[in-house]
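What follows is the residue order along each chain.
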Amino acid sequence: MARDSQDGSYDAAREGKKLSRSFGWLVFLGVLLVAAGVVGLIYTGLATLTSMLLFGWLLLIGGAVGLLHAIESRGTSYFWLAVVVAALNIAAGVVVIRHPEGTAEALTMFAALLFLTGGVFRLVGSVVVRGPQFGWTLIQGAFGLLLGLLVLFDWPDSSRYVLGVFFSLALLFDGLGLIAIGVGGRRIVGMVAPPDTGTAPDAPRATPPDGPQDNPPKRSEEGQEQSNN
């Protein structure tokens, strides 16, 4: 019973160490994302260009994968639809990669219109409905409307930094989330897992076989005295 308990404790400590190492890698990745987010907030133009190139390559790779999947599914009812969608993704990826600045301008205009429409709908909805979250909805609508107007009035110059700021903030908050998960996970593993002694349990000792054992015969006291004489 003690042997089984020792083996279980050693295995639990080893698994806890592996899990703690995995959470450590999460913390490392989070630090990298935070660093990338901070650099992107400093160099917003570079962050915008990088986000556009990543977006273009994602479209291109996704279109290529979709085209291969469509070729494998020849004869099905959705074959031509899959081919058209894959071709559009490939074409959009090529356009984004070759013209990242023009794509950034178009996406910035689209983002500004989204902020405007979302802000107007929230403002109107909060005034008409007047629910329990009236104040927060009104603030969100006003903020979205103001942000959309600011981006739209500064367009196309705003396309040089708006998407880069959003991209950098996403990296920053994702990195902070990974750091929080990694640190919290390591703390929980340290509280639950038993301490690792660093040594494996001792090997079981061999037990002697049952049954009579041949012992060497003992010389009698008389025979020993005769040999001495």
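Residues numbered from 1 in each chain as written. Predicted model: local features only at pLDDT ≥ 70, side-chain atom pairs only at ≥ 80, totals over all residues. Heavy atoms only, no water.

K.L.:
Mind showing me how you'd approach the overall build of the protein here?
P.N.:
A tally of regular secondary structure across the protein gives seven helices and zero strands. Mapped from its N terminus to its C terminus, the protein presents α and β elements in the order α-α-α-α-α-α-α. Sorting the 229 residues of the protein into buried and exposed places 22% on the buried side. Looking at the protein alone, contacts between residues at least 24 apart form 82% of all its contacts between residues at least 6 apart. When the accessible surface of the protein is totalled, it reaches about 16,500 Å², and 68% of it is carbon and sulfur. (Helix = DSSP H or I, 4+ residues; strand = E, 2+ residues; numbered from the N terminus. Buried < 20%, exposed > 50% of the residue type's maximum accessible area, 1.4 Å probe, protein only. Contact = heavy atoms within 4.5 Å. Areas by Shrake-Rupley, 256 points an atom, 1.4 Å probe, with all protein chains shown as cover.)

K.L.:
Hey, could you run me through the packing of aromatic side chains in this one?
P.N.:
In this description, a pair of aromatic rings is defined by centroid distance and the angle of the planes. Throughout the structure, instances matching the rule amount to two aromatic pairs. Ring plane angle 85 degrees and centroid distance 5.9 Å describe the contact between Trp25 and Phe28, whose orientation is recorded as edge-to-face. Taken together, the residues Trp25 and Phe28, both in helix H1 (residues 2–42) and three residues apart, mark about one turn of the helix. Under the relative-accessibility criterion, Trp25 is labelled exposed at 57%. Seen in terms of ring centroids, Phe115 and Phe166 are 5.9 Å apart; in terms of plane orientation they differ by 80 degrees. Their pairing is edge-to-face. Taken together, the residues Phe115 in helix H4 (residues 100–129) and Phe166 in helix H6 (residues 162–192) connect sequence positions 51 residues apart. A residue is classified by how much of its surface remains accessible, and Phe166, at 33% relative accessible area, is partly exposed. (Phe/Tyr/Trp six-rings, centres within 6.5 Å; stacked < 30°, edge-to-face > 60°.)

K.L.:
Where do I start with the environment of Ala47 in this structure?
P.N.:
With respect to the secondary-structure elements, Ala47 resides in helix H2 (residues 44–72). Spatially, the C-alpha atom of Ala47 lies 9.2 Å from that of Ala36, the residues being eleven residues apart in sequence. Not counting chain neighbours up to four residues away, the residues in contact with Ala47 comprise Gly40, Gly164, Phe167 and Ser168.

K.L.:
Is there a simple way to think about the confidence of the model for the protein in this case?
P.N.:
Of the residues in the protein, 74% reach a pLDDT of 70 or more, and the chain-wide mean stands at 75. Predicted confidence in the protein is weakest over helix H7 (residues 221–228), with a mean pLDDT of 49, and strongest over helix H3 (residues 79–98), with 86. (pLDDT = per-residue confidence, 0-100.)

K.L.:
So what exactly am I meant to see when it comes to a nonpolar patch on the surface here?
P.N.:
Taken together, the side chains of Val120, Val124, Val127, Val128, Val129 and Leu138 present a nonpolar region at the surface, about 510 Å² in accessible area. Element by element, the count of residues in the nonpolar patch is highest for H4, at five residues. On the accessibility criterion, Val128 (64% relative accessible area) is exposed. (Patch = residues over 30% accessible without salt bridge, like charges linked within 9 Å, V, L, I, M, F, W, Y side chains within 5 Å. Salt bridge = Lys/Arg side-chain N within 4 Å of Asp/Glu carboxyl O.)

K.L.:
Looking at this model, I keep getting lost on the packing of H2 against H3. Mind explaining?
P.N.:
Two quantities define a packed helix pair, namely the angle between the helix axes and the distance between the axes. As a packed pair, H2 and H3 sit with axes 7 Å apart at the nearest point and diverge in direction by 155 degrees. Classified by the interaxial angle, the pair formed by H2 and H3 is roughly antiparallel. Along this stretch, H2 crosses H3, giving a crossing that reads as left-handed. For the contact of H2 with H3, the per-class residue count stands at 19 nonpolar, five polar and no charged. (Axes fitted to C-alpha atoms, helices over the stretch in contact; angles between N-to-C directions. Parallel < 35°, antiparallel > 145°, perpendicular 65-115°, else oblique. Left-handed = near helix turned anticlockwise from the far one by under 90°. Nonpolar A, V, L, I, M, F, W, Y, C, P; charged D, E, K, R; others polar.)

K.L.:
Mind showing me how you'd approach the environment of Leu49 here?
P.N.:
Mapping Leu49 onto the fold places it in helix H2. For the pair Leu49 and Gly164, spaced 115 residues apart in the sequence, the C-alpha separation amounts to 7.6 Å.

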